[in-house]
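Listed below are the residues making up each chain.
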Amino acid sequence: MTEGLTSYRFSFGPWNISEGADPFGPVVRDPLSFLEKVKIAKQLGFEALQFHDDDAVPDLDSLRPAEITKQARATKQILADHGLAAEFVAPRLWFSPHTIDGAYTSNDPVDRAYAVERSIKAVDIAHELGTHLMVLWLAREGTYVREAKSVPQAMQHLVEAINKLLEYDKHLRILVEPKPNEPTDQAYIPTAGHALALGYRTIDPSRMGILIETAHQILAGLDPSDEMGYALSFHKLWSVHLNDQSGLKFDEDKSFGEVDLRRAFNQVRVLEENGYGRNGEYVGLDVKAMRTQKQEVSTKHLANSKQTFLWLVEKVRTLNRQLQSELIKQRDYEELNRYITAHLLGVPY
Ligand code: XLS
Ligand code: MG
């Protein structure tokens, strides 16, 4: 364990303040402008925003390079005016007609070329926003029908696409965000292990990292704190998307710790015990406001997730380590359970 206390810095993405539409019903809240979202981020004590390329430059595909640069600079100015940073840029490779059947791994070479071109534009935007980090959530890289694609071929396409990005910008660092399904039936990169191995096949593994999202790893049937610990052990955990998830269903992006407080505690514990945040990593959230929230209280999921994280940091810091080691030595894990429960509940042990 590293000495001294980490002072955590938080981030979220503009898509985390949303209007409440779901596949079965329309929006229920008014949209907020980017500027309003920036003000909320500041008010709630966040220090950075995460971006999809078109959060920074709307309608990106219809703009000329000079227009893209101009808009990216305008976005950067708004951030600078409010003392916020951009954590990363993620190319949105799941909206265009060119990405219906996958992006980097589409069966159509024209679509694959689109995906790389679009990602290069995202690299340029990241540059303007002052970040070297790009997140790849590989939304449509996967299959609905197994026989429609070849996994080895898809891996080759993925590696080639990533290599082009690494070559294009020598400072770029890429974080793969694994997810096992949704929107595809089966995604090619479902876990930290898959993401890590993919990185080692590229031309520069030292610039390939991982972003772990809580809900995604629960959907993969794994414990998010173990996935984080795994990535940390390779020094590859460069960002997180904290949230929560109730069982195996659609990706819920619930507020952090809302479903399983102990699971949340263990994520905070593994981050804290392994010095996460000391190299400038942000505590990123990827949380969704419930459709039932009224307009005026539609950012509480952000405030609550951050608060829960900080409460749990206190729980980690006040854990009786001597008792923990003693119980481990005795192999009395049932007693360890009881102690952790009492500690989390704040009742006398
Ligand atoms: C979706 C992802 C998405 C990424 C950013 O499931 O979590 O929000 O984090 O592209
Ligand atoms: Mg995410």
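Note: the structure precedes this text.
Residues numbered from 1 in each chain as written. Chains lettered and ligands numbered in written order. Predicted model: local features only at pLDDT ≥ 70, side-chain atom pairs only at ≥ 80, totals over all residues. Heavy atoms only, no water.

(A) Structural view of the nonpolar core. Within the largest apolar cluster, 81 residues are counted, with the highest numbers of intra-cluster contacts made by Tyr104 and Phe309. Counting residues per element, this core draws most heavily on helix α5 (residues 151-168), which supplies eight residues. (Core = buried A, V, L, I, M, F, W, Y, C linked by side-chain atoms within 4.5 Å. Buried < 20%, exposed > 50% of the residue type's maximum accessible area, 1.4 Å probe, protein only. Helix = DSSP H or I, 4+ residues; strand = E, 2+ residues; numbered from the N terminus.)

(B) Geometry of the coordination of the magnesium ion (ligand 2). The magnesium ion (ligand 2) binds to the protein through Glu177 (OE), Glu213 (OE), His241 (ND1) and Asp286 (OD), with metal-donor distances spanning 1.9 to 2.3 Å. Around the magnesium ion (ligand 2) sit six donor atoms; with metal-centred angles ranging over 81 to 169 degrees, the donor geometry is octahedral. Binding-site remark: the magnesium ion (ligand 2) is held by donors from one chain whose sequence spacing is E-x35-E-x27-H-x44-D. Of this pair, glutamate 177 sits in strand β6 (residues 173-177) while aspartate 286 is found in the loop between β10 (283-284) and α10 (300-317), placing the two residues 109 residues apart along the sequence. Residue classification places glutamate 177 among the buried positions, given a relative accessible area of 6%. Accessibility expressed as a relative area gives 7% for aspartate 286, which makes it buried. (Donors = N, O, S within 2.8 Å, 3.2 Å for Na, K, Ca; no water. Tetrahedral: all angles 85-135°; square planar, octahedral: opposite > 155°, others 65-115°.)

(C) Here's a closer look at the pattern of salt bridges. Under the criterion given, the structure shown has 18 salt bridges. Among the ionic pairs, arginine 317 bridges to glutamate 272, the shortest N-O distance being 2.8 Å. Here the residue arginine 317 occupies a position in helix α10, and glutamate 272 occupies one in helix α9 (residues 261-273), the gap between them amounting to 45 residues. Arginine 317 gets classed as partly exposed once you look at its relative accessible area, which sits at 29%. Residue classification places glutamate 272 among the buried residues on the basis of a relative accessible area of 11%. Where glutamate 335 meets arginine 338, a salt bridge forms, and the shortest distance between an N and an O atom there is 3.2 Å. Of this pair, glutamate 335 and arginine 338 both sit in helix α12 (residues 333-345), separated by three residues, roughly a single helical turn. A relative accessible area of 22% places glutamate 335 in the partly exposed class. (Salt bridge = Lys/Arg side-chain N within 4 Å of Asp/Glu carboxyl O.)

From the geometry alone we can't say anything about function, so treat these as descriptive.
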